[in-house]
Amino acid sequence: MVMHHYPEKRPIIVIGQGGHGRVLMEIVRVSPQYRLTAIADDRYAEVTLCAGLPYGPISAVPLMLEDEPAAQVVIGVGDNKIRRAIAERLGLADLSYAALVHPGAHVAGDVRLGPGAVVMPGAVIGPGAVIGAHAIVNSGAVVEHDAIVGPFAHVSPNGTLAGAASVMEGGHVGSGAVLIPGVKLGSWSILGAGGVAIRDVPDGITAVGVPARAMPPRLVR
């Protein structure tokens, strides 16, 4: 009889217990690689046990890592700026963060996934693509060959980056929005839901529509 050895799943700490955090917990549940070992959220004032799992504030994450030296961390917060603020606040080494991929996603073999990156169910990431640190490729999104999703960026459900398109740091591609081949969405810019970017979007801009056009800045009264 042939005996198969199945390595023990690596422990993982999920930060955030809102909607996005719960989605990450579900990915961990079906992951062949990870098991949930603790949950951190600032709704908790101190670390407490519930059903055998420690729950505590985000400030307790370093202590949680001391208790589970093999553990990694993933930030389950959908807002790009808040996700960056949490990463800066913790100041953990890159090796402390997991790149979490749902088993129902298709990721080409040469894709580069940064620390803390998350790939949701049904997502497709093509050859040569780069997914930056703490970036999110959400459910059903397509990131085609040689495309780039920068750090702390977010491609929403069913968003599409065609070949060699790029989303810079903190950029947000809305649900069902499309960047045509080679087009760039600037740092901390937003391409609104259903929009189609046929030319580069500068940094710090919100663009909407088909074709996407920059929204005028709001007047402050």
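Keep in mind that this is a model prediction, so the values were computed, not measured.

Residues and numbers for the overall build of the protein, please.
What the protein contains, in helices and strands, is three helices and 24 strands. Taken over the C-alpha trace, the protein has a radius of gyration of 18 Å; the compact-globule value for 221 residues is 17 Å, and the two agree within 12%. Summarising its shape, the C-alpha atoms of the protein cover approximately 60 × 55 × 25 Å along the three principal directions. Restricting the contact set of the protein to residue pairs at least 6 apart, pairs at least 24 apart contribute 26%. On the protein, roughly 11,000 Å² of surface is accessible, and the fraction owed to carbon and sulfur atoms is 58%. Between the centroid of the 16 positive side chains of the protein and the centroid of its 17 negative side chains there is a distance of 9 Å.

Residues and numbers for the pattern of salt bridges, please.
A side chain with one charge may pair with a side chain of the opposite charge, provided their charged atoms come close. Under the definition given, this model contains five salt bridges. Among the ionic pairs, E8 bridges to R35, the shortest N-O distance being 3.8 Å. Of the two residues, E8 is situated in the segment before β1 (10-15) and R35 in strand β2 (residues 34-40); the sequence distance between them amounts to 27 residues. Of the residues examined, E8 reaches a relative accessible area of 69% and is grouped as exposed. Judged by relative accessible area, which is 30%, R35 ranks as partly exposed. By sharing partners, the salt bridges in this structure join E8, R35 and E68 into a single network.

Describe the sheet that holds strand β13 (residues 142-143), with residues and values.
In spatial order, the strands read β7-β10-β13-β16-β19-β22; together these six strands make up an open sheet with parallel pairing. What marks the edges here is a single partner per strand, and that holds for β7 (106-107) and β22 (196-197).

How would you summarise the side chain of S166 if you had to cite specific residues and measurements?
Mapping S166 onto the fold places it in strand β17 (residues 166-167). Judged by its relative accessible area of 10%, S166 falls in the buried class. Ignoring sequence-local partners within four residues, the contact set of S166 consists of I148, L161, L179, V183, K184 and L185.

Help me get a handle on the environment of P157, residues and values and all.
Take P157: it is sitting in the loop between β15 (154-155) and β16 (160-161). Along the backbone, P157 and A141 are 16 residues apart, and their C-alpha atoms lie at a distance of 5.3 Å. The contact partners of P157, leaving out residues within four places of it in the chain, are N138, S139, S175 and G176.

Describe the packing of aromatic side chains, and please don't skip the residues or the numbers.
Scanning the model with the defined rule gives one aromatic pair in all. Where Y44 meets Y55, the ring centres are 5.6 Å apart and the plane angle is 65°; that geometry is what we call edge-to-face. You can see Y44 sitting in the loop between β2 and β3 (48-50) and its partner Y55 sitting in strand β4 (residues 53-56), a full eleven residues away along the chain. On the accessibility criterion, Y55 (14% relative accessible area) is buried.

Give me the lowdown on the environment of Y55, citing residues and values where you can.
Along the backbone, Y55 and I13 are 42 residues apart, and their C-alpha atoms lie at a distance of 9.9 Å. Other than its neighbours up to four places away in sequence, Y55 contacts Q17, I39, Y44, E46, V47, T48, C50 and M64.

Describe the confidence of the model for the protein, listing the residues and the values that go with them.
When pLDDT is averaged along the protein, the result is 94, and 95% of the positions lie at 70 or above. Residue range residues 1-6 is modelled with pLDDT below 50. Its contacts to residues more than four positions away, or to other chains, number zero contacts.

Basis of the calculations
- Residues numbered from 1 in each chain as written.
- Predicted model: local features only at pLDDT ≥ 70, side-chain atom pairs only at ≥ 80, totals over all residues.
- Heavy atoms only, no water.
- Helix = DSSP H or I, 4+ residues; strand = E, 2+ residues; numbered from the N terminus.
- Rg over C-alpha atoms; globule rule 2.2 N^0.38 Å.
- Contact = heavy atoms within 4.5 Å.
- Areas by Shrake-Rupley, 256 points an atom, 1.4 Å probe, with all protein chains shown as cover.
- Lys, Arg positive; Asp, Glu negative; His and termini not counted.
- Charge placed at Lys NZ, Arg CZ, Asp CG, Glu CD.
- Salt bridge = Lys/Arg side-chain N within 4 Å of Asp/Glu carboxyl O.
- Buried < 20%, exposed > 50% of the residue type's maximum accessible area, 1.4 Å probe, protein only.
- Pairing = 2+ DSSP bridges.
- Phe/Tyr/Trp six-rings, centres within 6.5 Å; stacked < 30°, edge-to-face > 60°.
- pLDDT = per-residue confidence, 0-100.

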